[in-house]
Amino acid sequence: MLVSIIEQNPLVYVFIFFVNKSLTYFQEMIKNGILNLKDRNGSSRQALKKYIQNNYKITASNFDSLFNAALRRGVEKEIFIQQKGTSGPVKLNKKKPAA
């Protein structure tokens with residue numbers, strides 16, 4: 001299905017490519033935020049957002065949605081841990097993700 005959509009409109013492929021790139025970039029910013037904030041129990045979403053906006057000068061209007069998507073995918077890929085659920089603090093996963 002996706003292949004036929006991409007064949008009909010190559011801009012869809014470009015859009016998907018850049019969204020994946022930006023989410024990877026946001027995951028790196030989140031990692032840096034967690035490491036630099038040094039909270040013992042993990043960093044809150046609000047603290048991470050504030051850190052990223054202050055240190056990276058992000059002016060994108062869709063910052064919140066990109067941040068949330070990057071965090072969600074990082075949890076799915078086991079890069080980050082949210083032990084208390086989606087509203088809880090975020091930690092880096094010390095264990096290697098299962099391949």
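Preceding block: the structure.
The rules behind each value
Residues numbered from 1 in each chain as written. Predicted model: local features only at pLDDT ≥ 70, side-chain atom pairs only at ≥ 80, totals over all residues. Heavy atoms only, no water. Core = buried A, V, L, I, M, F, W, Y, C linked by side-chain atoms within 4.5 Å. Buried < 20%, exposed > 50% of the residue type's maximum accessible area, 1.4 Å probe, protein only. Helix = DSSP H or I, 4+ residues; strand = E, 2+ residues; numbered from the N terminus. Contact = heavy atoms within 4.5 Å. Axes fitted to C-alpha atoms, helices over the stretch in contact; angles between N-to-C directions. Parallel < 35°, antiparallel > 145°, perpendicular 65-115°, else oblique. Left-handed = near helix turned anticlockwise from the far one by under 90°. Nonpolar A, V, L, I, M, F, W, Y, C, P; charged D, E, K, R; others polar.

**Q** Residue-level account of the nonpolar core, with values.
**A** Membership of the largest hydrophobic core comes to 14 residues, with the highest contact counts inside it found for Phe 26, Ile 30, Ile 52 and Phe 67. Elements represented by at least two residues in this core include exactly α2 (10-37), α3 (45-56) and α4 (63-76). Top contributing element to this core by residue count: α4, with five residues. In this structure Ile 52 touches Met 29, Ile 30, Lys 57, Ile 58, Phe 63 and Phe 67, once residues within four positions along its chain are discounted.

**Q** I'd like a description of the packing of α3 against α4, backed by residues and values.
**A** Remark: α3 packs on α4, axes separated minimally by 12 Å, with the N-to-C direction vectors making an angle of 120°. In this view, α3 runs oblique relative to α4, as classed from their interaxial angle. When the axes of α3 and α4 are compared, the crossing they make is right-handed. Contacts from Arg 45, Leu 48, Lys 49, Ile 52 and Gln 53 of α3 reach α4 at Phe 63, Asp 64, Phe 67, Asn 68 and Leu 71. Here the residues of the contact of α3 with α4 are counted per class, giving five nonpolar, two polar and three charged.

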